[in-house]
Number of protein chains: 2
Amino acid sequence: MGLIVQKYGGTSVASLEKIKSVARNIVSHRDKGDSIVAVVSAMAGETDRLVKLAKEIMDPPDERELDVITSSGEQVSSGLLAISLKCMGHEAVSFQGHQIRILTDNVYSKAKIRTIDDRNIKKALSENKVVIVAGFQGVDEEGNVTTLGRGGSDLTAVALAAVLHADSCELYKDDVDGIYTTDPSICPNARKLEKVSYEEMLEMASLGSKVLQARAVEFAMKFNVKIHVKPTYNPADKGTWVVQEEESMDSMENIVISGVAYDRNQAKITVVQVPDRPGIAARLFTPLAEKGIIVDMIVQNVSKEGHTDMTFTVPKEDYKNSLRIVQEIAKELNAREVDSDNRITKISLVGVGMKTHSGVASQMFQTLAGEGVNIMMISTSEIKISCVIEDKYTELAVRALHDAFKLGDRNG
Amino acid sequence: MGLIVQKYGGTSVASLEKIKSVARNIVSHRDKGDSIVAVVSAMAGETDRLVKLAKEIMDPPDERELDVITSSGEQVSSGLLAISLKCMGHEAVSFQGHQIRILTDNVYSKAKIRTIDDRNIKKALSENKVVIVAGFQGVDEEGNVTTLGRGGSDLTAVALAAVLHADSCELYKDDVDGIYTTDPSICPNARKLEKVSYEEMLEMASLGSKVLQARAVEFAMKFNVKIHVKPTYNPADKGTWVVQEEESMDSMENIVISGVAYDRNQAKITVVQVPDRPGIAARLFTPLAEKGIIVDMIVQNVSKEGHTDMTFTVPKEDYKNSLRIVQEIAKELNAREVDSDNRITKISLVGVGMKTHSGVASQMFQTLAGEGVNIMMISTSEIKISCVIEDKYTELAVRALHDAFKLGDRNG
C-alpha cells in the first residue's frame, strides 16, 4: 500500500487496446491498495505526425507554436486513459500541464521543470481517483505551453514522484523489459541488469540508450526517486531498478563495466584554424547555449602558429541550426572553414567500478584498433569513456567491446 | 482600419494548403491596416476522429475527458496557422482557452461562456501581432477544459468580438458564400440574402441551418456584434450581413418570409398515457435539463380519463441518453409506454414580416397537405412556424414551401 507514479510511453498507449491494457494494469495495483498517478505519452507516431505537419509549413517551425501543437498528443492519450478507467468503474481524472501548473522555464521544446502545484493531484487522490497526467508538457510563467523534449514524459513522472514523495516511480516500456549491458538487437547475449546506479544509468541515457531520458535520471538522482523500469507487456517482470550507488552495489561489486552504450544521435562540427585568442570558446558556444542546444563533447587541439581547431558534437536534431549559427560566427572569427559530419556514433563504456580500476581505457582503444575502427574524438569521466567513431562501425564496435569486457549473459 | 475578429471553420483549415490560404487572407487585411484576431476550428474531420476514438472505449464517453480530447483539435490548427503567418514574415501568437481564460460554466461539451480575460490579446495586438485563438474551448472556474458544443468556434469569435469591441466579426465558411432562403442543395433557385436580422438568423440556426451556430447568433444579438458571413474561397464576395432588424429591413421591407429551414438533427420521444398530475412535466424535463439536453418542441395533448401523452424533441446526439433517462422516469410515473422516432425532420418558415401578416400558417399547412405530407407536431413563435414531419418528405416539403412563398431567385 503506497503511492506509485507510473509512466506509460507512446508504444504502451499506441492503440485503444493497449490503452485498455494499461488501465487494467492500473486497476490491478489499486486492487492491492496502492494509489496511482499515471503519466502518459502521446500515442506512438502522433508526435512525429504533428511535428511533420508543422515542418511542412516552416522548417524549423516557430518554437512556441510547435509546443502548442505537439503537446496536444498527450492531451488526447491522457483523456482516453481516463475514459478507459471510468469505463471499468474506477474514478479517474486527467490533468494537463496548465491544470497542475507544471511550471517550466520558457525554453520551448526543451523546457526545464521548476515547480509543480500538487494541490489538484492530492485532492483527486484523497477522493480515491486515479490521477492521469499528460506527460511532456508544462507552462511557463506567462502561461505559454512548453514541452520538455523527447522522452520528457519520463521527466514528468520522476518530477511528480519527487513532489508527491511517491514510494516508487514505475517507468513502463513497451520495447524493453529492463536495462541491459548493451543493445540486445546488436548483441544477442546482452544481459539484463537487476539494479543499476543513477550515475551509470545517467551515462547510458546521455549516451543514447533510449530506455530512459537522461534528465529524468538526473532528476531522480537529485531527489532520490526510486525508478523501476518494467515492461508494459509483462507487468509481473522484475525489470531493472535504478537506485543509489550503495543500494546497487551489492549485486555488482565485482563488476568494473556495467554496459556498452552508443549514441547515433550526435553530429560533429569542427571550426578549422580559428585564431587562438581568449574568449573564442565563449564566443562560439554562448549562442548555441542561448538556443538551448546541448553541446556534448568538445575537443580543442594544441595551438599551431596562433591557430587552433575546435571540434564538438551536438544532437542531430540541432545539427542544421547549429551549423548555421557556427558558420556565421566562424566568419566573424576569421576561421578558415567549418567542417561537419553527421554520420558518426559515440560509443561508450560505463561502470562505477571504473573509478577503482585502471586499464579500462587502454583496453577499449586496443579492442577498437583490433577491429580496424578509427577513433575521431575521445572523452572520459569518472565512470565513463566515450569515443566518436564512424557510424558504419557501430555494431561491430559494440559487439567487440561487449565481448572484450565479458559483459554477456553467463549462459550466452 | 479597425479591429476585425475572423473565424475560420474546419473545412477552411482542412489542409496545410488551406491554412496557408487563410494566412494570406489575414495578411491582405493587415495590409489594409486592420488588426486581426482569428478564431480557428479543428481541421475538418479531426473532431469526429477524436470523438470516435473516445466512443470506441466508452459510449457515451465521460464528458469531462471527452472535452479534454476534442479540444486538442483546435490547439493543433491554431498553432499551425500561427506558424504559417510567421513563415510569411508576420508576427503571430496562438492562444488556447486557458491562456486567455475563456471562463465557462462546467457543463461539459455544451459549456456557456461567462467572461474572457482580454489582457493577453490586447497586449499581443499592441505589439502588432496577429492573434490566433483556438475556438470551441474554454476552462471552468476550477481550470477544467470545457467545450462549447458543435459550431462553438462561431461563439468564440462572436464573444471575442463583443469583448474587444471589434468593428465586425467575419465568419468564413468553406461550404457556403452566405445565407440563403433555403438549402440550395435542395432548391436550386434558393436566393442569397444580402442582410438578415439576428432574429431570423437565430430561428434559421436553431432550426438546423448549419451556417451559423444558434448560440453565436444569440450572443451577437445581445451584444450587437455585426456578423459578416463570407466564403473562404472568395474573400471578396459580398456574403451576408447578420445585423439588427432595423438595419436589415431596408432590403426586405416587402418580404414576409425570408427563408425555409429544416432540421434533421432532432428525435421525437412520446411518453404515452402518463397520469395527468401537477408536477409531471417538471419531473420529466428536470433530469434532461440537468444533463444539459436541450428539449426543443413540447406538445401535450388534452387529458383523457386522467391521462395525457407528452411528446417532445431532443437533439439526435442526445437521443440515446434522453431515451434512457425518460424510460426510467416513465416507469416511476406509471406511464403506459415510451414511443420514440429519430427519423423525423423539423421544417420551418422564418421571417420577421410574419409578425404583421396573417395566413402564413394556414398556407403552410395547405402546402404540406397538398403534397400528402402528414404533420406530426406544430410549434410557432412570433417570426417562425415549425412542423415536424417524416424525414423522407424533407426535400419535397422544402421545395414546395420555397415555391409557395415565392422565395426563389427572380432569375430562377
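Model, not experiment: these values are computed from the prediction.

1. Overview of the overall build of chain A
And step 1. A tally of helices and strands in chain A yields 13 helices and 20 strands.
And step 2. The C-alpha atoms of chain A give a radius of gyration of 22 Å, which matches the 22 Å a tight globule of 412 residues would have.
And step 3. Taken over the C-alpha atoms alone, chain A extends approximately 75 × 55 × 35 Å along its principal axes.

2. Let's talk about the sheet that holds strand β20 (residues 384-390) of chain B
All names here are of chain B.
And step 1. Ordered by their spatial adjacency, four strands build an open sheet running β13-β18-β20-β19, and the pairing between neighbours is antiparallel. Edge positions in the sheet fall to β13 (259-263) and β19 (377-381), since each has one partner strand and no second. Taking each pair of neighbouring strands and ignoring which way they run, the sheet shows an average axis angle of 20°.
And step 2. The pairing of strand β18 (residues 344-350) with β20 spans seven bridges and is classified as antiparallel.

3. Some points on the sheet that holds strand β19 (residues 375-381) of chain A
Residue and element names in this part refer to chain A.
And step 1. With antiparallel pairing, four strands are arranged side by side in an open sheet as β13-β18-β20-β19. Edge positions in the sheet fall to β13 (259-263) and β19, since each of these pairs with one other strand and no more. Averaged over neighbouring strand pairs, the angle between their axes works out to 20° when direction is ignored.
And step 2. Bridge count between β19 and strand β20 (residues 384-390): six bridges; the pairing is antiparallel. Bridge pairing in β20 places I378 opposite C387.

4. Describing the confidence of the model for chain A
And step 1. Per-residue pLDDT for chain A has a mean of 90; in total, 94% of the residues score no lower than 70.
And step 2. Segment residues 249-253 of chain A is flagged for pLDDT under 50; beyond a separation of four residues in sequence, or across chains, it makes three contacts in the model.

5. Observations regarding the relation of the copies chain A and chain B
And step 1. Of the two same-sequence chains, chain A is brought onto chain B (RMSD 0.1 Å, axial shift 0.0 Å) by a rotation of 179°. On the angle and the small slide along the axis, the relation comes out as a two-fold axis. Of the C-alpha atoms belonging to chain A, the one lying closest to the rotation axis is found on A:S72, 2.5 Å away.

Rules behind the numbers
- Residues numbered from 1 in each chain as written.
- Chains lettered and ligands numbered in written order.
- Predicted model: local features only at pLDDT ≥ 70, side-chain atom pairs only at ≥ 80, totals over all residues.
- Helix = DSSP H or I, 4+ residues; strand = E, 2+ residues; numbered from the N terminus.
- Rg over C-alpha atoms; globule rule 2.2 N^0.38 Å.
- Pairing = 2+ DSSP bridges.
- Axes fitted to C-alpha atoms, helices over the stretch in contact; angles between N-to-C directions.
- pLDDT = per-residue confidence, 0-100.
- Contact = placed C-beta atoms within 7 Å.
- Least-squares fit on C-alpha atoms with pLDDT ≥ 70 in both.

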